[in-house]
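As a plain string of letters, each chain reads:
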Amino acid sequence: MPRTARDVVFVDGVRTPFGKAGPKGLYAETRADDLVVRAIRELMRRNPSLPPERVDEVAIAATTQTGDQGLTIGRSAAVLAGLPKTVPGYAIDRMCAGAMTAVTTSGAGISFGSYDVVIAGGVEHMGRHPMGEGVDPNPRFLADKLVDPSALVMGTTAENLHDRFPQITKERADAYAVRSQEKVAAAYAAGRIQPDLVPTAIRSAEKGWGLATEDEPPRPGTTMESLAGLKTPFRVAGNVTAGNAAGLNDGATACLLAAEDVARELGLTPRMRLIDFSFAGVEPEVMGVGPVPATERLLARNALTMDDIGLVEINEAFAVQVLAFLEHFKIADNDPRVNPWGGAIALGHPLASSGVRLMNQLARLFEERTDVRYGLTTMCVGMGMGGTVLWENANWEGTE
C-alpha cells in the first residue's frame, strides 16, 4: 500500500562535556565507546516513558572507525548501553557531519515508516584517533589533479577561504572568535549549556577517578590582543590560528528522534520538527564554503529566505568559514540569530559528534524563543561538502 510521510520530531538530546584531545585531556584514559554509552544511557534515563524495546535503531557516527570507535559502533554501543539485543545499530561517516547524517538518515527512515523511534549521535576521540589516522588517500587525487594538495589539510583549506574572501581579514576572524568565547562564557554563567551535559566518569594515573561536568576547551577572557600573536601553522604570515579555529577534541552526543504521533503516544514531548535537509558538494580546496549551497538548496526547496530563519546554529570549524556563510547571505558578523550561546571555537569540535550538539543547542533556544518558527543547523564537511537541516519550533506561538 502507498505510504504517507510522517512528521519527525526531535525529542531530546544530550552530550558528554567536550574535552581537549591529548595525554592531558579529560578523556585521555577514557574509551570512545564508553562516551557514547554514557550518552545513550542518559537519554533513556531522562525519558522513562520510552520502553527500551521501542527503540528501532541506533545510528552512531565516527570519522575514524577503528579501535574503540570501530566494531559497528552503533550496534556495539547499543549492547553496551543495555538496550535489548533486539535493537539494531550501525556506524556512519560523513566526517564532521557524521552525527548530522545519522539524524537525517534515521529521520528519513522514520518519515518513511520504517522506524518509530531512533537514537542518533556521534563520537570522536581525537586524542586516541587523530584525524586521518590510518587513511591512505588514493594517489590519483594528486596524480590526476582531481584536487589541490591543500584539500587534504583542513587548516589549509581555511587559508584558501581567506584568499577567496580577502575582505575576511585575520582581525575580523579573531573578533568573531572573541565573541564566541564571550557568548559561551555568558551562556555558562546563565546555566544554559549545562542541562544537556552528562556528567561522565574519567580517570587519570595522576589523579585517579573523577567526574567531567563541564567543557574543557573554553578560554574565558580571550581578547584580540591575546589572539594577535598566535602562530599561523598552516601558512607563513597566514590568517588561521588556534584561536580562531576549533581545537582537537574528544566527546560524544546522542539524541532521540520519533514519529510525532508515536512520541505523543509514548508521553514524549516533541521539541522541534525535522522539516528538510540538504547536503552539497563544493571544491575540496575551499570545503568551508559548503554550508552555502546546502542552505541555498534547502531554502529554495521550502520557499523560504534567510529572513524566515530566526535562529542559526552553524559549526565553527574555523571563523573564516562562518564569516563566508554570513557574507554570502548578507548577515552581519554579530547577528543575534547566529550561535547566540557561542560555538565550537570555544566549546570544541569532536568531528562526528558536533552535528547533534548544534541540534541540542537549537532545541534549547527554541524553548526560550517561542516567537521563532524556523531554525537551521549547518556545517562544513571535509573533502568539500556542506550540510544543513531545517527545523520547526514545536513551541512556536505564531499563526499561519
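Owing to the predicted nature of the structure, the values given are computational and were not obtained by experimental measurement.

**Observations regarding the overall build of the protein chain**
Phase 1: Helices and strands together make up the secondary structure of the protein chain, namely 12 helices and 12 strands.
Phase 2: What you see for the protein chain is a C-alpha radius of gyration of 20 Å, in line with the 21 Å of a compact globule of 400 residues.
Phase 3: Its C-alpha atoms give the protein chain principal-axis dimensions of roughly 60 × 55 × 50 Å.
Phase 4: Burial analysis of the protein chain (400 residues in total) assigns 58% to the buried set.

**A closer look at the pattern of salt bridges**
Phase 1: Under the criterion given, the structure shown has 28 salt bridges.
Phase 2: Measuring nitrogen to oxygen at the nearest pair gives 2.8 Å for the salt bridge that ties Asp276 to Arg301. Placement of Asp276 in strand β9 (residues 272–281) and of Arg301 in helix α9 (residues 291–301) is noted, with a sequence separation of 25 residues between them.
Phase 3: Overlapping salt bridges bring together Asp12, Asp196, Arg271, Arg364 and Glu367 as one network.

**So, the side chain of Arg337**
Phase 1: Here Arg337 shows up in the loop between α10 (319–328) and α11 (344–347).
Phase 2: In terms of polar contacts, Arg337 uses its side chain to reach the backbone carbonyl oxygen of Ile309, at 3.1 Å.
Phase 3: Apart from the residues lying within four places of it in its own chain, the contact partners of Arg337 are Met306, Asp307, Ile309, Gly310, Leu311, Val312 and Ile331.

**A short note on the nonpolar core**
Phase 1: Within the largest apolar cluster, 84 residues are counted, with the highest numbers of intra-cluster contacts made by Val58, Val103, Ile119, Val123, Met359 and Trp391.
Phase 2: Here this core takes 8 residues from helix α1 (residues 32–46), the largest share from any one element.

**Quick notes on the side chain of Arg15**
Phase 1: Topologically, Arg15 is positioned in strand β1 (residues 8–15).
Phase 2: For Arg15, a relative accessible area of 3% translates into the label buried.
Phase 3: In this structure the side chain of Arg15 is engaged in a polar contact, spanning 2.7 Å, whose partner is the side chain of Asp215.
Phase 4: Sequence-distant contacts of Arg15, defined by excluding residues within four places in its chain, comprise Ile193, Asp196, Leu197, Val198, Asp215, Ala252, Thr253, Leu347, Arg357 and Asn360.

**Considerations on helix α2 (residues 73–80)**
Phase 1: For α2, the set of buried residues is Ile73, Gly74, Ser76, Ala77 and Ala78.
Phase 2: Among the structural elements, α1, β3 (57–61), β4 (89–92) and β5 (117–125) are those in contact with the buried residues of α2.

**Regarding the pairing of β4**
Phase 1: The pairing of β3 with β4 spans 4 bridges and is classified as parallel. Residue pairing in the sheet places Ala61 in a bridge with Ile92 of β4.
Phase 2: As for the winding sense of the linkage, the β-α-β connection from β3 through α2 to β4 is right-handed.

**Re the UniProt feature "domain: Thiolase N-terminal" (unreviewed entry) in the protein chain**
Phase 1: In the numbering used here, UniProt assigns the feature "domain: Thiolase N-terminal" (unreviewed entry) to residues 8–261.
Phase 2: Helix and strand shares over residues 8–261 are 31% and 19% respectively, and the end C-alpha atoms of the span are 9 Å apart.

**Section: the packing of helix α6 (residues 170–189) against α10**
Phase 1: Where α6 contacts α10, the axes come no closer than 9 Å and their chain directions differ by 100°. It follows from the interaxial angle that α6 and α10 lie roughly perpendicular. Taken together, the residues of α10 that come into contact with α6 (itself represented by Arg172, Ala173 and Tyr176) are Ala319, Val322, Leu323 and Glu327.
Phase 2: A per-class count over the contact of α6 with α10 returns 5 nonpolar, no polar and 2 charged.

The rules behind these values
Just so you know, the residues in each chain are numbered from 1, in the order the chain's sequence is written. Local features in a predicted model are, by the rule used here, given only for residues with pLDDT of at least 70; side-chain atom pairs are given and counted only at 80 or more, and totals for whole chains, interfaces and linings are based on all residues. Hydrogen atoms and water are omitted, and side-chain values are computed over all heavy atoms in the structure. Runs of H or I in DSSP of at least four residues are treated as helices and runs of E of at least two as strands, each being numbered from the N terminus. Between the two quantities, the radius of gyration covers C-alpha atoms and the globule rule is 2.2 Å times the number of residues to the power 0.38. For the exposure calls, accessible area comes from a 1.4 Å probe over protein chains only, and a residue counts as buried if that area is under 20% of its type's maximum, exposed if over 50%, partly exposed in between. What counts as a salt bridge is simple: a side-chain nitrogen of Lys or Arg found within 4 Å of a carboxyl oxygen of Asp or Glu. Here a polar contact is taken to be a pair of N or O atoms separated by no more than 3.5 Å, where protein atoms must pair a possible hydrogen donor with a possible acceptor and residues adjacent in sequence count only if both atoms sit in side chains. Throughout, a residue-residue contact means that at least one pair of heavy atoms, one from each residue, lies within 4.5 Å. The nonpolar core is taken to be a set of buried Ala, Val, Leu, Ile, Met, Phe, Trp, Tyr and Cys residues, with the residues joined through side-chain atoms within 4.5 Å. Pairing between strands requires that DSSP locate at least two bridges from one strand to the other. Throughout, right-handed denotes a crossover for which the path from the first strand over the helix to the second runs clockwise when the strands point away from the viewer. UniProt positions are given in the numbering used here, feature names are shortened, and annotations may be inferred rather than shown by experiment. Axis definition: a line fitted to C-alpha atoms, limited for helices to the stretch in contact. Angles are taken between N-to-C directions and run from 0 to 180 degrees. Orientation labels follow simple angle bins: below 35 degrees gives roughly parallel, above 145 gives roughly antiparallel, 65 to 115 gives roughly perpendicular, and whatever is left gives oblique. Under the convention adopted here, Pro, Cys and the residues Ala, Val, Leu, Ile, Met, Phe, Trp and Tyr are nonpolar, Asp, Glu, Lys and Arg are charged, and Gly plus all remaining residues are polar.

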